[in-house]
Amino acid sequence: MSRGGPLSDDDRVNAAILGLSPVEFVALVAAVLPVPARRLPPGARRPVTLACAAVFALCAVVLAVSGVRWPVVPVLAGGALALAVTVPPLFGRHAGRPARWRRWATRLGSAGALVLVLAGAVTAWALPVPVFPEPSGPYAVGTTVVQWTDTARPEPATSRRDDRRVVVVQLWYPATGTTRAAGRARYLGRTEREARTVARGVASYLGMPGLVLDQAALATTRSVTGAPAADGRFPVVLFSPGLGGVRTQNTACAEELASRGYVVAALDHPYDSAVVTLADGRVVRTRLSATGDPAEDNRRAAGWTAVRAADLRFVLTQLGRLDRGELPDPLAAHAQGVRPPTPIATRLDHAAPSGTPTTQLHEPIPASTSTRPLHQPVPAGTPTGRLHEPVPASTSTGRLHQPVPASTPTGRLHQLSGSSTVAGGLHHPVAASTLQARSHQAASSSTLAASPRRAAQPSALAGRLDTGRVAVTGHSLGGAAALLAARQDRRFAAVIDIDGYPRDPAPAPFPQPVLALVHDIEPGQERDYVRRLDQVLSLSTASGYRVTVPGAAHLTFTDAPLFLPPLPAVVGSPDGDTAPHDTAPRDTGPRDTGPRLTAAATAAFLDATLRRAPGDLAATLSAYGRLTVL
């Protein structure tokens, strides 16, 4: 269902041809044509070459004014070189048959130009500005960001006694009207600065060059910031990202669900997510690290999973307060035409004092432990590269879900989906009281507390959040947190684990139906992961479903296929037979197969469990992969 309008500047960038905007593509054609034009008859050679030169010059000026993306620089350099060796011979004394050395110089220059243009074109194709799928539901999609503080829970990652746990939450919700191009929300951040900070921070966290994710920071999404909420009461879906992931990592899925009538709340987990920008401008970076000791790394994984589960429970409580009008309205500033407070600086968060006990979340790695960054880029040819859970240097396989037996040497890091062998362990046990979701004073995105003594303006979302129908979901380590949160809190009515290794230290029966989407696991492989996952799924007293998606990799279920190289080892290659069949326009090509599949399978499960939609859920889910019912 199209809800478009005139293209904004960012939309023109997004309307890509092989990763290039229309202007960039025309510049590429104009850069290449002068080389074969040398073979044309003299009467046609000159007008064709000069026309290419004029078009190329015009495109270069347009790009210089609007901003040149780095993958296009080789294209422009190649075009300039091509014109430099093809235009001069058309004039003056060079117009006749050139000398032998000049012919060789022209040939070498032409070859160099073609190499530069090809390099730029391949780079732009491999690392494009992501184009998000058009949501297929009947609603337009709005989005906003809030920041809440749990005053009852200390921040486990710092030593300050007065520091309290803060979470940043992005909401996607059904909206009214059309999705105006001018109001489209940025991807990765509220502002250009925040988007670039997040992109560079995630790349650094993964051990990759910062330029790799720069194109993702340029993208706009299909949702409108602060759009008026649609009338009605909508089921709620909470989402926790993968280890080091950020709240926007599954934007395509969130927008699809919102267009179908769900409110999606995705969390940033400070000190766990690679980069979190707070409302006061602080940039909080992850403090997770590997120790090289599988047992210690497992302990940390379980500890940080507990922190995430507590974050999810707290956010559910806050959403209930938002629905009752007890919290400041996050849409009020947008409705009044006032730009809401956004981060205005990018300064680092405070560092822990040198005397901080080493048993804390961010305890340093011993000198004897390899300090190779945990998240290294995946070498070419690696069969199962995963951005959020790369394999440590000492590990020989790309599998990330296999727990290491007790007999395994400690020099090998334990490969686990959801934590890549690490997670932030708590420096003290989480008290049961802090795991209970409470109704405390909270800070809005402008950090103003909602005092019960002062009448807060009723939220435009008040009365629209059906917190009696709530699902908790997550990818990788976020999936483990979702499973734990569901067992701890029966306010969650359903749970979805997206390719995450369970981290509950004391698995027990839970009443919610559960769905697990997992990457392609061949029979007999990753048995420990499958065994552990099936053990937890079978504890559901309702029903448990595991869908193994053929051709999928760990990142298939995120937005990564939209902006990373389309290599099966990195983003997977889901089979066409399991791709969702809907009527939404396919304007992003095969790159969107993974995000669409994730959204479609998720929506099918949520429709059946939260909305009691009629039909055979098992038959529906089996369309997306190999189904196991537990």
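Residues numbered from 1 in each chain as written. Predicted model: local features only at pLDDT ≥ 70, side-chain atom pairs only at ≥ 80, totals over all residues. Heavy atoms only, no water.

**Things to note about the nonpolar core**
Judged by nonpolar contacts, the single largest core of 51 residues is most densely connected at Trp148, Val169, Leu238, Val315 and Leu319. Top element by residues in this core is helix H9 (residues 294-323). It accounts for eight residues. If we skip the residues at most four places from it in the chain, leucine 319 touches Trp148, Leu171, Val236, Leu238, Ala265, Leu465 and Thr467. Judged by nonpolar contacts, the second largest core, of 45 residues, contains Tyr187, Leu188, Ala199 and Leu555. (Core = buried A, V, L, I, M, F, W, Y, C linked by side-chain atoms within 4.5 Å. Buried < 20%, exposed > 50% of the residue type's maximum accessible area, 1.4 Å probe, protein only. Helix = DSSP H or I, 4+ residues; strand = E, 2+ residues; numbered from the N terminus. Contact = heavy atoms within 4.5 Å.)

**Things to note about the pairing of strand S8 (residues 282-285)**
Regular strands have side chains that alternate between both faces of the sheet. Where strand S7 (residues 275-277) and S8 come together, three bridges link them in antiparallel fashion. Residue pairing in the sheet places valine 275 in a bridge with arginine 285 of S8. Hairpin connection, S7 to S8: the antiparallel pair is bridged by four residues, and glycine 281 has positive phi, about 100°. (Pairing = 2+ DSSP bridges.)

**A few points about the packing of aromatic side chains**
Applying the stated rule across the entire model yields five aromatic pairs. Centroid distance tyrosine 187 to phenylalanine 563: 6.2 Å. Interplanar angle 55°. Geometry classified as tilted. Separated by 376 residues along the polypeptide, tyrosine 187 in the loop between strand S3 (184-186) and helix H7 (192-205) and phenylalanine 563 in the loop between strand S13 (544-548) and helix H14 (568-571) bring together distant segments of the chain. Here the two residues tyrosine 187 and phenylalanine 563 agree in accessibility, since each one is buried. We note arginine 107 situated over the ring of tryptophan 104; from NZ or CZ to the ring centre the distance is 5.1 Å. Directly above the aromatic system of tyrosine 262 lies the positively charged group of arginine 611, at a separation of 4.1 Å from the ring centroid. (Phe/Tyr/Trp six-rings, centres within 6.5 Å; stacked < 30°, edge-to-face > 60°. Lys NZ or Arg CZ within 6 Å of the ring centre and 35° of its normal.)

**Points about the pattern of salt bridges**
Summed over the entire model, instances satisfying the criterion amount to 30 salt bridges. For aspartate 272, the salt bridge goes to arginine 308, with nearest N and O atoms at 2.6 Å. Of this pair, aspartate 272 sits in the loop between strand S6 (263-268) and S7 while arginine 308 sits in helix H9, placing them 36 residues apart in sequence. Per residue, the accessibility class of aspartate 272 equals that of arginine 308, and both read buried. Measuring nitrogen to oxygen at the nearest pair gives 3.3 Å for the salt bridge that ties glutamate 326 to arginine 321. One continuous salt-bridge network, built from bridges that share partners, spans Asp150, Arg153, Glu155, Arg165 and Asp311. (Salt bridge = Lys/Arg side-chain N within 4 Å of Asp/Glu carboxyl O.)

**Some details on the environment of alanine 53**
As for its placement among the helices and strands, alanine 53 is situated in helix H4 (residues 42-66). When its relative accessible area of 19% is taken as the criterion, alanine 53 is described as buried. Sequence-wise, alanine 53 and alanine 27 are 26 residues apart; in three dimensions their C-alpha atoms are separated by 9.7 Å. The contact partners of alanine 53, leaving out residues within four places of it in the chain, are Leu83 and Val87.

**Quick notes on helix H15 (residues 593-610)**
With 18 residues, H15 should cover 26 Å at 1.5 Å per step; its first-to-last C-alpha distance of 25 Å lies within 8% of that length. In terms of burial, H15 is a largely internal element, 16 of the 18 residues being buried. (Expected span 1.5 Å × (residues − 1).)

**With respect to the sheet that holds strand S12 (residues 514-518)**
Spatial ordering of the open sheet is given by S3-S4-S1-S2-S6-S5-S10-S11-S12-S13-S14, a layout of eleven strands whose pairing is mixed. One side of each edge strand has no neighbouring strand; the edge strands of this open sheet are S3 and strand S14 (626-629). Each neighbouring strand pair of the sheet contributes to a mean axis angle of 30°, computed without reference to strand direction. One ladder, built from four bridges, connects strand S11 (residues 494-498) with S12; its direction is parallel. (Axes fitted to C-alpha atoms, helices over the stretch in contact; angles between N-to-C directions.)

**Overview of the side chain of arginine 222**
By the element assignment, arginine 222 lies in strand S4 (residues 220-225). Within polar-contact distance, the side chain of arginine 222 engages the side chain of glutamate 134 at 2.9 Å. (Polar contact = N/O pair within 3.5 Å; in protein donor to acceptor, adjacent residues only side chain to side chain.)

**Some thoughts on unusual backbone geometry**
Here tyrosine 271, not a glycine, exhibits a phi torsion of approximately 75°, which is positive. Relative to the helices and strands, tyrosine 271 resides in the loop between S6 and S7. The backbone of serine 476 sits at a positive phi, close to 60°, despite the residue not being glycine. Considering the arrangement of structural elements, one finds serine 476 in the loop between strand S10 (465-475) and helix H12 (477-488).

**What about the pairing of strand S2 (residues 164-175)?**
Extensive coverage of S2 is indicated by the burial of eleven of its twelve residues. The sheet contact formed by strand S1 (residues 140-154) and S2 spans twelve bridges and is antiparallel. Its bridge partner being in S2, valine 141 is matched across the sheet by proline 174. Two strands pair when backbone bridges link them, and S2 and S6 are joined in this way by five bridges, in the antiparallel orientation. In the strand pairing of S6, glutamine 170 is matched with alanine 266.

**Some points on H12**
Helix length check: H12 (twelve residues) gives 17 Å between terminal C-alpha atoms against 16 Å at 1.5 Å per residue, within 8%. Most of H12 sits inside the fold, with ten of its twelve residues counted as buried. Along H12, the positions that sit buried rather than exposed are Leu477, Gly478, Gly479, Ala480, Ala481, Ala482, Leu483, Leu484, Ala485 and Ala486. In this fold, the buried residues of H12 make contact with strand S5 (234-240), H9, S10, S11, S12 and helix H13 (527-537).

**Some remarks on the packing of helix H8 (residues 251-259) against H15**
Interaxial distance between H8 and H15 falls to 9 Å at its minimum, and their mutual angle equals 40°. As judged from the angle between their axes, H8 and H15 are oblique. Between H8 and H15 the crossing geometry is right-handed. Between H8 and H15, the residues in contact are Ala252, Cys253, Glu256 and Leu257 and Pro595, Thr598, Ala599, Thr602, Ala603 and Leu606, respectively. When the residues that make up the contact of H8 with H15 are grouped by side-chain class, the tally is seven nonpolar, two polar and one charged. (Parallel < 35°, antiparallel > 145°, perpendicular 65-115°, else oblique. Left-handed = near helix turned anticlockwise from the far one by under 90°. Nonpolar A, V, L, I, M, F, W, Y, C, P; charged D, E, K, R; others polar.)

**Let's talk about a nonpolar patch on the surface**
Nonpolar side chains collect at one region of the surface, where Ile17, Leu18, Leu118, Val122 and Trp125 lie side by side and expose about 490 Å² of accessible area between them. Looking at the secondary structure, you find leucine 118 in helix H6 (residues 100-126). With a relative accessible area of 55%, leucine 118 lands in the exposed category. (Patch = residues over 30% accessible without salt bridge, like charges linked within 9 Å, V, L, I, M, F, W, Y side chains within 5 Å. Areas by Shrake-Rupley, 256 points an atom, 1.4 Å probe, with all protein chains shown as cover.)

**Comments concerning the packing of helix H2 (residues 22-32) against H6**
Contact geometry for H2 and H6: axes closest at 10 Å, N-to-C directions at 160°. Relative to H6, the element H2 is oriented roughly antiparallel. As for how H2 packs across H6, the hand of that crossing is left-handed. Contact with H2, carried on its side by Leu28, Ala31 and Val32, involves Leu114, Val117 and Ala121 of H6 and no other residues of that element. In the contact of H2 with H6, the residues fall into six nonpolar, no polar and no charged.

**Some words on the environment of leucine 537**
Among the structural elements, leucine 537 can be located in helix H13. Sequence separation of leucine 537 and alanine 516 is 21 residues, and the distance between their C-alpha atoms is 8.1 Å.

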